[in-house]
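Below, each chain spelled out in residue letters.
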Amino acid sequence: MTTIAITGLRTFLGRRLAERLASEAGLRLVGLDRLRPHGLAAGIRFREVDLTRPDAGSTLADVFHKEDVDVVVHLAFRREPTPDLDGDHELETIGSLHLLHACAGAGVPRLVVGSTTMVYGPHPDNPNYLSENHPLRGHPPAHCVQNRVETERLVADWAARHPGTAVTVLRPCWIVGPTYRDAVTRYFGRQIVPTLMGYDPLLQLVHEEDCLDAFARAATGHHPGVFNVVAPGVLPLSTVLRTAGKRPMPVPTPILYRLRAYPSQAQTGDRPEGFYDYLRYLWVADGKRGWEAFGRPLYTTREAWMAAISAERMRSYR
Amino acid sequence: MSETKPGEGGELWSEALAGLRSELRRRLASPDAREGGDGGAEETEHFDWVALAEDLRRRLGQFGMRERSGEVDDFGLDPETIRSARPLFRLLRKRWWRIEVIGLEHVPADRPVMFVANHSGLLPWDGLALAETIEEAHGPARRPRFLIADWLITLPFVQPALARLGGVRACRENAERLLATGRSVVAFPEGVKGAAKTFRDRYRLQRFGRGGAVRLALAAGVPIVPVAIVGAEETHPILFKLGAPARLLGLPFLPVTPTFPWFGPLGALPLPSKWVISFGEPLAPAGPGAAQADDDLLVARLTEELRAEVQRLVKEALAIRQGVFA
């Protein structure tokens, strides 16, 4: 009997992963979050933990110890940036630090951490395909990306000091799918989509089910290391918008970047470049290592996007 | 129309227009039927109108579809864009620059190749012309990808256009990946130094980088073909460079050519200089091997040999040419 603890039970990935694993035989699921989610499946034990509290580390260690946890899956990250910069930092970076302390204290044998390929950052001098060994340059205008970069550094340092724990870091690219919602899908959900005039980068999207598959396999198997979780194939931004029937509204970059309260960015607390640089330069990741470890995804980038927009169209016929 | 992918709106359009056409035909036909007798000639005339409208719609559809890049490959190359730009490039190559190709028999048609060429001209017309020349001779599968300098990558409009036409940012990872997946690469080891040299220094080869091109070719085990491209220097001859205004715009330098900035965006048009593209004997070192690629002295020696060979080819090609524009 393997016991898997999942932090961030109320996040999309945490909830769906817990429900998927709870249905498998031989697994015991412990879900951790600040508040109890509604309608939780029967097989999942809920434990209340607030990662932003100073004593979160000892609380967590206590839980891991009492529940005799074998695998910790760390997914307590914001789905999208909020204007509360300090709060985001407390939860994502300091919360991860508490979790690492707890894992060391309880001697957890395996740790899976969810990250994102956004940590590579959109840079004009990126190679077309970023491997897992590429330096994490992040993107300073995007505070949540910086939190994730810092988290990854903490995890890497910690993993080097704790060889007894097998640490897996998964970096999914932008997730799309019939049910996934975040700031990115909201951006693509608009009828008229603002884009940067004269830029048409290649984008990479992964289907929510493929992403969950990778997390499930990382949680149940032994795969130490860092893996990009991406779908094969790339699509130019213009094709992404056209296939969805959206109308692009190209705005000259200097004008867009001077806007402070830009509609789709107003609620993130970042300047526009925090998000729009990801639609300006390349940040496509190489998925080979992940495909070898977790199997090839069912959906290519194009198919994942088609699945997402067909679900969106179905919803509009109410 | 045959290339368009179904399900991207094309079907809906044609259905709607087919319906419209039959409706139009019915309405046009009914007065004729009422008049009877001499309506036959008129009817064919009406029918021609409808056919014309249909033809126009088809053409408009094609025009719209062309922009609708169905699929791009893993490096952003869009065959559809290349196909639609081909007439323009053919015009540029055959009529505008009158490109003379020498030594094409030196280029292996059955395997990936590392082309190493002299770099000139602000916009990578040389890389594009070389890619088109090879594709014309050896088919689309052998179309080489040309490596482009970083500063072009940051430019709006230029960057996506180059990517769709087969331009790839010059860096080790990209070239490795291209060669490993069996695609030819055009490297310009002079880099920005080559593109940004002033007219006074034309056809004087700059330092060949740090031997990266040779090292990659050795590691991948592909032959290196030296190429001289003569004529691209005169497409955008740089009279002198401005420093201060360039820094203001965030560019490495602001060139002043006979047409730029005087004619604004029209300055991006290349001058109709006479071109010669000359391929040399492939430099195929004994067998592939990572060990050879690690031999720094060997790499440096081969790089220098390559530079001398390209310089020699350039001189030869210059002698063939009677004048800059003739």
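Report on the accompanying structure.

What counts, and at which threshold
- Residues numbered from 1 in each chain as written.
- Chains lettered and ligands numbered in written order.
- Predicted model: local features only at pLDDT ≥ 70, side-chain atom pairs only at ≥ 80, totals over all residues.
- Heavy atoms only, no water.
- Phe/Tyr/Trp six-rings, centres within 6.5 Å; stacked < 30°, edge-to-face > 60°.
- Helix = DSSP H or I, 4+ residues; strand = E, 2+ residues; numbered from the N terminus.
- Buried < 20%, exposed > 50% of the residue type's maximum accessible area, 1.4 Å probe, protein only.
- Lys NZ or Arg CZ within 6 Å of the ring centre and 35° of its normal.
- Patch = residues over 30% accessible without salt bridge, like charges linked within 9 Å, V, L, I, M, F, W, Y side chains within 5 Å.
- Areas by Shrake-Rupley, 256 points an atom, 1.4 Å probe, with all protein chains shown as cover.
- Salt bridge = Lys/Arg side-chain N within 4 Å of Asp/Glu carboxyl O.
- Pairing = 2+ DSSP bridges.
- Axes fitted to C-alpha atoms, helices over the stretch in contact; angles between N-to-C directions.
- Core = buried A, V, L, I, M, F, W, Y, C linked by side-chain atoms within 4.5 Å.
- Contact = heavy atoms within 4.5 Å.
- Buried area = accessible area lost by both parts, 1.4 Å probe.
- Polar contact = N/O pair within 3.5 Å; in protein donor to acceptor, adjacent residues only side chain to side chain.

Now for the packing of aromatic side chains. For the structure shown, the criterion picks out 16 aromatic pairs over all chains. Summarising the aromatic geometry, the rings of W97 of chain B and W125 of chain B are spaced 5.8 Å apart at their centres and angled 65 degrees between planes, so their arrangement reads as edge-to-face. With W97 of chain B in the loop between α3 (79-96) and β1 (100-102) and W125 of chain B in helix α4 (residues 125-138), this pair connects stretches of sequence that are 28 residues apart. For W97 of chain B, a relative accessible area of 2% corresponds to the buried category. Linked through ring pairs, W174, Y187, F188, F275, Y276, Y278, W283 and W305 of chain A together constitute an aromatic cluster. For the cation-ring pair, R296 of chain A lies above W291 of chain A, with the distance from its terminal atom to the ring centre recorded as 4.6 Å.

A cluster of nonpolar residues, L239, F240 and L242 of chain B, forms a patch on the protein surface that exposes about 260 Å² of accessible area. Along the polypeptide, L239 of chain B turns up in the loop between β6 (224-230) and β7 (240-242).

Our next topic: the sheet that holds strand β6 (residues 166-172) of chain A. Residue and element names in this part refer to chain A. The sheet built from seven strands is open, its strands ordered β3-β2-β1-β4-β5-β6-β11 with parallel pairing. Two strands bound the open sheet, and with one partner strand each, they are β3 (44-48) and β11 (225-229). Sheet twist, expressed as the mean angle between neighbouring strand axes with direction ignored, is 20 degrees. Across five bridges, the pairing between strand β5 (residues 110-114) and β6 is parallel. If you follow L111 over to β6, its bridge partner there is V167.

Another point: the nonpolar core. I4, L17, V73, W174, F188, F215 and W305 of chain A are the most contacted members of the largest nonpolar core, which totals 71 residues. The greatest single-element share of this core, amounting to seven residues, is contributed by helix α6 (residues 208-220) of chain A. Those residues in contact with I4 of chain A, other than ones at most four positions away along the chain, are L21, L27, R28, L29, V30, V71, V73, A219 and T220 of chain A. In terms of nonpolar packing, the next biggest core, distinct from the first, is built from 39 residues, V234 of chain A together with L147, L205 and V310 of chain B among them.

On to the interface of chain B and chain A. Facing the 25 residues of chain B at the interface are 20 residues of chain A. Regarding the contact of chain B and chain A, the summed buried area is about 1,900 Å², with carbon and sulfur atoms giving 49% of it. Together, R164, R169 and R177 of chain B form the three largest contributors to the area buried by chain B at its contact with chain A, with a combined 22%. The residue R164 of chain B makes a salt bridge to D200 of chain A at a minimum N-O spacing of 3.4 Å. Linking chain B to chain A there are eight residue pairs in polar contact (both at pLDDT 80 or more). Contributions of two or more residues to the side of chain B that touches chain A are made by α5 (150-153), α6 (158-164), β4 (167-169) and α7 (172-180) of chain B. With three residues, α7 of chain B is the largest single contributor of residues to the side of chain B that touches chain A.

With that out of the way, let us pick up the sheet that holds β4 of chain B. All names here are of chain B. Here seven strands make up an open sheet; going across it, the order is β1-β9-β6-β2-β5-β3-β4 and the pairing mixed. Looking at which strands have only one partner, the edges of the open sheet turn out to be β1 and β4. Each strand axis lies, on average, 25 degrees off the axis of its neighbour in the sheet, ignoring direction. Judged from the two bridges that link them, strand β3 (residues 145-148) and strand β5 (residues 185-187) form a sheet pairing that is parallel. Residue pairing across strands places R145 opposite V185, the latter belonging to β5. Here helix α9 (residues 212-220) sits on the sheet in contact with β2 (114-117), β5 and β6, set at roughly 165 degrees to β2.

Residues and elements named next belong to chain B. Even without being a glycine, R98 presents a positive backbone phi close to 50 degrees. Within the secondary structure layout, R98 lies in the loop between α3 and β1. One non-glycine residue, F157, lies in the positive phi region at around 65 degrees.

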